[in-house]
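What follows is the residue order along each chain.
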Amino acid sequence: SDCHASEVVSKVETVGLNEYNWEIMQGRLRKLAEGVRSHRDHYGAKARTLRIFGLGDQLSGVIHEELAQTNDEPFSDQVIRFGEEGADWINDEFGDEFETIEIDWVVGNHPRLSKKDRHKVAYDNGDYMAGHVMRIALKGHKNITMNVPKANKAIVTVCQKRILLAHGNGVRSTMAGVPWGGIIRHNDKLAKLFDLADTHVDHVAGGHWHNPQVAENFSILINGSLKGIDEHGLDEYGNGQPPVQLLVAFHPKHGITGVHRVDCIAPEEALGARWS
C-alpha cells in the first residue's frame, strides 16, 4: 500500500531525511521483492502461494494543488504507467517463484477524482483504473489472478481466515501516528455489522497511516508506506516513518504465524545507512 507513485519528495525540503520519485519507488519495489523471497527461502520454504493485498494510495493523485504541480507524471500517465509497470514487477519478481499468485485490490483516498472522499461510486478512482490496467496486463499468466472490486472494501479468505481489506481513510484523526482508539472502535462496529450478516471477519488489513503496526491480538494489521517521510508530515506533525511494508505469514491450519517488517530502502539510496 501507499506507493504514492509519481509523488516527488525533495531531499532539500526534508533536510536530507528522505528523497522520493518514480525511479526511487522502482528501487524500493525491487527491495520489497527481495525481502519477500528471502523470507520464503529462510522461513517459509514450503510456501506455494503469494497473496498481494493492494490496500490503496498506490498513486499520488492530484487532489492537492502542490501535488498537481510537483508530481513527476500527470494523472493519466500515473494510472497507465503504474498499472503496466506494476504488472511487470509482479510477473518478473514473483511469476516463477510461486505456484499461485492472488492479488486483491482496493482503492485509497489520494487518487480519487473528487475533492472530498466519495461514498457512492468510490471506485471512480485512479487506484481502481490502475488495478484494471494491471489485471489486463496479467491476464495471460495462468498462475496469477487479480480481483479489483467496485466496493472500496473487500473480504478475502486466506488459510480459512477472513480478512477485511480497507484503506483506512474512513477513520478521522488530526494527530500524528496511528489513532488506535478510533481504529478499534471503527473496526468493532464493522465486525458487528458483518457478524449480523453471518460473515465473521478474523482480521482487518489497511494502510493510510504510513506507520506499520499490529494490534488487538493480530486482528488489526496496518501497513507502512513505500514513500517514507514527506514534507507534509514533517511540517504538520514533525513526524514520519521510513519506507516499510508488512509481510504476513499464514499457515493452513494455524492462521497467522508471523508478521514481519520488510525494509524497502534500496541499496543504491544514499539514505540506506541512516535507517540501518
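Structure first, text after, so check above.
Analysis parameters
Within each chain, residue numbers correspond to sequence positions counted from 1 in written order. Where totals are concerned, whole chains, interfaces and linings use all residues; where local detail is concerned, this predicted model gives features only for residues with pLDDT of at least 70, and gives and counts side-chain atom pairs only at 80 or more. As a rule here, side-chain values cover all heavy atoms of the structure and leave hydrogens and water aside. Helix and strand definitions here come from DSSP, where helices need a minimum of 4 consecutive H or I residues and strands a minimum of 2 consecutive E residues; each element is numbered from the N-terminal end. Computation of the radius of gyration draws on C-alpha atoms, with the globule rule given as 2.2 Å multiplied by the number of residues to the power 0.38. Working definition: with a 1.4 Å probe on protein chains only, accessible area under 20% of the residue-type maximum means buried, over 50% means exposed, and in between means partly exposed. Per-residue accessibility takes into account occlusion by the displayed protein chains alone, with areas from the Shrake-Rupley method and a 1.4 Å probe. Interaxial angle, 0 to 180 degrees, is taken between N-to-C directions of lines fitted to C-alpha atoms, where a helix line uses only the stretch in contact. The scheme is simple: roughly parallel for angles under 35 degrees, roughly antiparallel for over 145, roughly perpendicular for 65 to 115, oblique for anything else. Put simply, a crossing is left-handed when the front helix is turned counterclockwise from the back one by less than a right angle, and right-handed when it is turned clockwise. Residues count as neighbours in contact if any of their non-hydrogen atoms are within 4.5 Å of one another. When residues are grouped by polarity, Ala, Val, Leu, Ile, Met, Phe, Trp, Tyr, Cys and Pro land in nonpolar, Asp, Glu, Lys and Arg in charged, and all others, Gly among them, in polar. By the convention used here, strands pair only if DSSP detects at least 2 bridges between them.

A. The arrangement of the overall build of the protein in detail. Along its length, the protein carries 6 helices and 10 strands. The C-alpha radius of gyration of the protein comes to 18 Å, within 12% of the 19 Å expected for a compact globule of 276 residues. Expressed as lengths along the three principal axes of its C-alpha atoms, the size of the protein is roughly 50 × 40 × 35 Å. Going through the 276 residues of the protein one by one, you find that 49% of them count as buried. When the accessible surface of the protein is split by element, carbon and sulfur atoms take 50% of a total near 14100 Å².

B. Representation of the packing of helix H1 (residues 22-42) against helix H3 (residues 75-94) in the model. One can describe the packing of H1 onto H3 by two numbers: an axis separation of 11 Å at closest approach and a directional angle of 30 degrees. Of the possible angle classes, the one that applies to H1 and H3 is roughly parallel. H3 is crossed by H1, and the crossing has right-handed handedness. Between H1 and H3, the contacting residues are Trp-22, Met-25, Gln-26, Leu-29, Arg-30, Leu-32, Ala-33, Val-36 and Arg-37 on the first element and Gln-78, Arg-81, Phe-82, Glu-85, Trp-89, Glu-93 and Phe-94 on the second. Within the contact of H1 with H3, the residues separate by chemical class into 9 nonpolar, 2 polar and 5 charged.

C. Structural detail: the sheet that holds strand E5 (residues 161-166). The mixed open sheet is built from 5 strands, whose spatial order is E4-E5-E6-E8-E7. Edge strands, defined here as strands with exactly one partner in the open sheet, are strand E4 (153-158) and strand E7 (213-215). Pairs of neighbouring strands in the sheet enclose a mean axial angle of 20 degrees, with direction left out of account. Direction of pairing for E4 relative to E5: antiparallel, over a ladder of 6 bridges. Each residue of the ladder has a partner; that of Lys-153, found in E5, is Ala-166.

D. How the structure looks around the pairing of strand E10 (residues 255-263). Pairing of strand E9 (residues 244-251) with E10, which is carried by 8 bridges, proceeds in the antiparallel orientation. Opposite Gln-245, over in E10, you have Val-262 as the bridge partner. Turn length for the E9-E10 hairpin, with the two strands adjacent in sequence and antiparallel, is 3 residues.

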